[in-house]
Amino acid sequence: MPIGPLMKEHRLIERMIRVMELRLERAREEGKVDPLFIDTAADFIRTYADMCHHGKEEDILFRDLAGKNMSPEHRRIMQELIEEHKMGRKTVGHLMEAKEKYIGGEKGALQDIMSNIETLIRFYPEHIEKEDKHFFIPCMEYFTEEERDKMLEEMLGFDRNIIHEKYTGIVERYEK
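The rules behind these values
- Residues numbered from 1 in each chain as written.
- Predicted model: local features only at pLDDT ≥ 70, side-chain atom pairs only at ≥ 80, totals over all residues.
- Heavy atoms only, no water.
- Salt bridge = Lys/Arg side-chain N within 4 Å of Asp/Glu carboxyl O.
- Helix = DSSP H or I, 4+ residues; strand = E, 2+ residues; numbered from the N terminus.
- Buried < 20%, exposed > 50% of the residue type's maximum accessible area, 1.4 Å probe, protein only.
- Polar contact = N/O pair within 3.5 Å; in protein donor to acceptor, adjacent residues only side chain to side chain.
- Contact = heavy atoms within 4.5 Å.
- Phe/Tyr/Trp six-rings, centres within 6.5 Å; stacked < 30°, edge-to-face > 60°.
- Lys NZ or Arg CZ within 6 Å of the ring centre and 35° of its normal.

K.L.:
Can you help me understand the pattern of salt bridges in this one?
P.N.:
As a working rule, side chains carrying opposite charge can pair if their charged atoms are close by. Across all of its chains, the model carries 19 salt bridges by this definition. Between Asp39 and Lys99 there is a salt bridge, with its nearest N and O atoms 2.7 Å apart. With Asp39 in helix α2 (residues 35–66) and Lys99 in helix α3 (residues 72–103), this pair connects stretches of sequence that are 60 residues apart. We note a salt bridge from Lys68 to Glu147, for which the minimum N-O separation is 2.8 Å. Of the two residues, Lys68 sits in the loop between α2 and α3 while Glu147 sits in helix α5 (residues 145–159), which places them 79 residues apart along the sequence. Relative accessible area serves as the criterion here: at 30%, Glu147 is assigned to the partly exposed category. Several salt bridges converge on common partners, so that one network encompasses Arg76, Glu80, Glu84 and Lys130.

K.L.:
Looking at this structure, I do not really get the side chain of Asp132. What am I missing?
P.N.:
Its location among the elements puts Asp132 in helix α4 (residues 109–139). Residue class for Asp132 comes out buried when judged on its relative accessible area of 12%. Separated by 2.6 Å, the side chains of Asp132 and His10 make a polar contact. Here Asp132 is in contact with Met7, His10, Arg11 and Ile137, once residues within four sequence places are set aside.

K.L.:
Quick question: what am I supposed to make of the packing of aromatic side chains here?
P.N.:
Any aromatic ring pair is given by two values, namely how distant the centres are and how the planes are angled relative to each other. Applying the stated criterion across every chain, the model contains seven aromatic pairs. Seen from the ring of Phe37, Arg23 lies directly overhead, with NZ or CZ sitting 4.6 Å from the centre.

This is the structure in structure tokens:
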């Protein structure tokens, strides 16, 4: 099924969100953040979660679903997911702006960083649950087996293994 790669990606995103939670706790305790970790977290979200994962959803799954006679509920959820992806992108942009202000010594930037990280920490688990439990599996019924196989092949070719190896290594380093 084409949702296999998407579900695998969800598990790695969840792991990175947990690392972000731990780093946020540390930032609260110490009253400071590691700008390099902010860069790494933003890169992970932008590249792995958004370009790779959301890219597969938007460029392959949603594209193919758009031509199907979907239920109003599934069409609504798909639109919500697209809007949520946009919100995630904006939040990462705000996080990076706050990091630059933090490096520049601007007052309040640390709170902005923590607030944007909190937004991402709250967002991703709910977003993933919506996709896992209310969208991906039921939407596979709209496709024939041949269509699912073609979609899976396209998804596997979307990023190959390079991106998975890179970001798995990054998460594993921070988990230690």
